Amino acid sequence: MRRALALAERGWGQTAPNPMVGAVLVANSDVIGEGYHARYGEAHAEAAALQQAGERARGATLYVSLEPCAHHGKTPPCADAVIDAGVTRVVIAVRDPSDVARGGVERLREAGVRVDLGVQRDAALELNAPFFNAHASDRPWITLKLALSADGAIADPSGVHRWITGPAARLEVHRLRAQQDAIAVGAGTVIADDPALTVRDVPAPRVPPTRVVFDSGLRIPLDSTLVRTAREVPTVVIARPADAPAAALRALTDRGVDVLLAGSSEEAFRALRGRGIRSVFVEGGARLAGSLLAASLVDRLIIFRAPLELGRAAPKAFAYAPPGFEASIRTARVVDDRAFDDDAMTVYALHEVPCSPD
């Protein structure tokens, strides 16, 4: 099953809105077929593994990271393909939360196939957290990424832009971006850094993430990179109805920016979800991070910590977070913990992944 999950991840950035899925066929302790869902609309993992195995699939065991689908979508039902191939046992990490696709377990069992559930369930949930969340919540799955100095600062005290983390950590951020439906920052970050918020130096995602700016008073400069490229990459600016000047709103919409008026972060995220955005990768700054943490809207917190120190005068990452939050994350469940050269990445679970029962 761990191999199936590793195969599934090869679909990173290519399968949404479908989940990433991997499958391994085993006969007499030998792997006879492997597959993964490589791209939205293409063959599912089970079909790819069955094709590789051919006639050897008869009597084999299939390990798959998500319940085989039981409906006709862009491809025929995988459950039927498994039955027709003569597979006698199917081991499934987690059931499909979709009412449309769900039902493969029952179809397999009715055909006399032995089905076992729950192997590596938590890892399977984590891999496709936005997919599972989309079937249980009216807002996207929200990941907050922060790059911190050793003394907890988020930026140089002089205000001059500088990289806190090294090239390897920054490359990982671009890889993470590639699996997201949207990348979000606050207006202060746009004004200070003029970011592009695109995916670079890693395989391009099938659909570029939407760029989102939380900008209550529409302060975003019209000559910023985001505004200038808004007709090339979808760009949404979120403002408060009472604070958004009509002239600024017209100027942005004339340049292809989608201005969304919302009275709160919760309302804004619900509106984004209504537009098909299932995952949002928030990259700063401290005020936006603090407001989202205070509203308990962050599902995963990713901290990249660099060895350099920026001094007592440098702005702190959690300056606007609820009192005691920074200390509280020490007790949060750690999802991942890795090093990228001199930088350390830790992923904390602030909420659990919702899932349909087995």
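The rules behind the values
Residues numbered from 1 in each chain as written. Predicted model: local features only at pLDDT ≥ 70, side-chain atom pairs only at ≥ 80, totals over all residues. Heavy atoms only, no water. Pairing = 2+ DSSP bridges. Helix = DSSP H or I, 4+ residues; strand = E, 2+ residues; numbered from the N terminus. Axes fitted to C-alpha atoms, helices over the stretch in contact; angles between N-to-C directions. Contact = heavy atoms within 4.5 Å. Phe/Tyr/Trp six-rings, centres within 6.5 Å; stacked < 30°, edge-to-face > 60°. Buried < 20%, exposed > 50% of the residue type's maximum accessible area, 1.4 Å probe, protein only. Right-handed = clockwise from strand over helix to strand, strands pointing away. Arc of directions from axis to C-beta. Salt bridge = Lys/Arg side-chain N within 4 Å of Asp/Glu carboxyl O.

Asks: Just give me the short version of the sheet that holds strand β5 (residues 114-117), but keep the residues and values in it.
Replies: Pairing is mixed across the open sheet formed by five strands, whose spatial order is β2-β1-β3-β4-β5. The outermost strands of the open sheet, each flanked by one partner alone, are β2 (30-36) and β5. Looking at each pair of strands side by side, their axes are set apart by 15° on average, direction ignored. Two elements, strand β1 (residues 22-27) and strand β3 (residues 61-64), share four bridges in a ladder whose sense is antiparallel. Paired with V24 across the two strands is Y63, which belongs to β3. Its contacts with the sheet place helix α2 (residues 45-53) against β1, β2 and β3, and it is angled at close to 140° to β2.

Asks: With reference to specific residues and values, describe the packing of aromatic side chains.
Replies: As enumerated under the stated definition, the model contains four aromatic pairs in all. The interplanar angle of 50° and the centroid separation of 5.5 Å between the aromatic rings of F214 and F269 together place this pair among those described as tilted. Here F269 lies in helix α11 (residues 265-274) and F214 lies in strand β8 (residues 210-214), a separation of 55 residues in the sequence. Both residues of the pair, F214 and F269, belong to the buried class. Centroid distance F304 to F340: 6.2 Å. Interplanar angle 50°. Geometry classified as tilted. Here F304 is found in strand β12 (residues 300-305), whereas its partner F340 is found in strand β13 (residues 333-340), with 36 residues between them in sequence.

Asks: Hey, could you go over the pairing of strand β4 (residues 89-92) for me, with residue numbers and the actual values?
Replies: Direction of pairing for β3 relative to β4: parallel, over a ladder of four bridges. When the sheet's bridge partners are listed, Y63 is paired in β4 with V91. The pairing of β4 with β5 spans four bridges and is parallel. Among the inter-strand pairings, R89 is bridged to a residue of β5, identified as R114. Considered for its hand, the β-α-β crossover made up of β4, helix α4 (residues 104-110) and β5 is right-handed.

Asks: Mind laying out α2, listing which residues take part and the relevant values?
Replies: Those residues of α2 not exposed but buried are A45, E46, A49, L50 and A53. The arc enclosing the buried residues of α2, seen along the axis, measures out at 125°, which places them on a common side. Those residues of α2 that are buried are in contact with β1, β2, β3 and α3 (78-84). Just beyond α2, the residue with positive phi is G54, at close to 65°.

Asks: Account for the pairing of β1, with residues named and values stated.
Replies: Within β1, six of the six residues are buried, which leaves it mostly tucked inside the rest of the structure. Of the two faces of β1, both are covered, the one formed by G22, V24 and V26 as well as the one formed by A23, L25 and A27. Judged from the six bridges that link them, β1 and β2 form a sheet pairing that is antiparallel. The residue of β2 that forms the bridge with L25 is G33. Turn length for the β1-β2 hairpin, with the two strands adjacent in sequence and antiparallel, is two residues, and the turn residue N28 shows positive phi of about 55°.

Asks: Kindly report on the pattern of salt bridges, identifying the contributing residues and their values.
Replies: This model, assessed by the stated rule, comprises 17 salt bridges. We note a salt bridge from E106 to R95, for which the minimum N-O separation is 2.7 Å. Taken together, the positions of E106 in helix α4 and R95 in the loop between β4 and α4 put the pair 11 residues apart, joining distant regions of the chain. A residue is classified by how much of its surface remains accessible, and E106, at 37% relative accessible area, is partly exposed. Put simply, R175 and E172 hold a salt bridge, and the shortest N to O gap is 3.0 Å. Of this pair, R175 and E172 both sit in helix α7 (residues 167-177), separated by three residues, roughly a single helical turn. Of the residues examined, R175 reaches a relative accessible area of 23% and is grouped as partly exposed. Connected through shared salt-bridge partners, E9, E172, R175, D336 and R338 make up one network.

Fair warning: the whole summary comes from geometry, so function is off the table for now.
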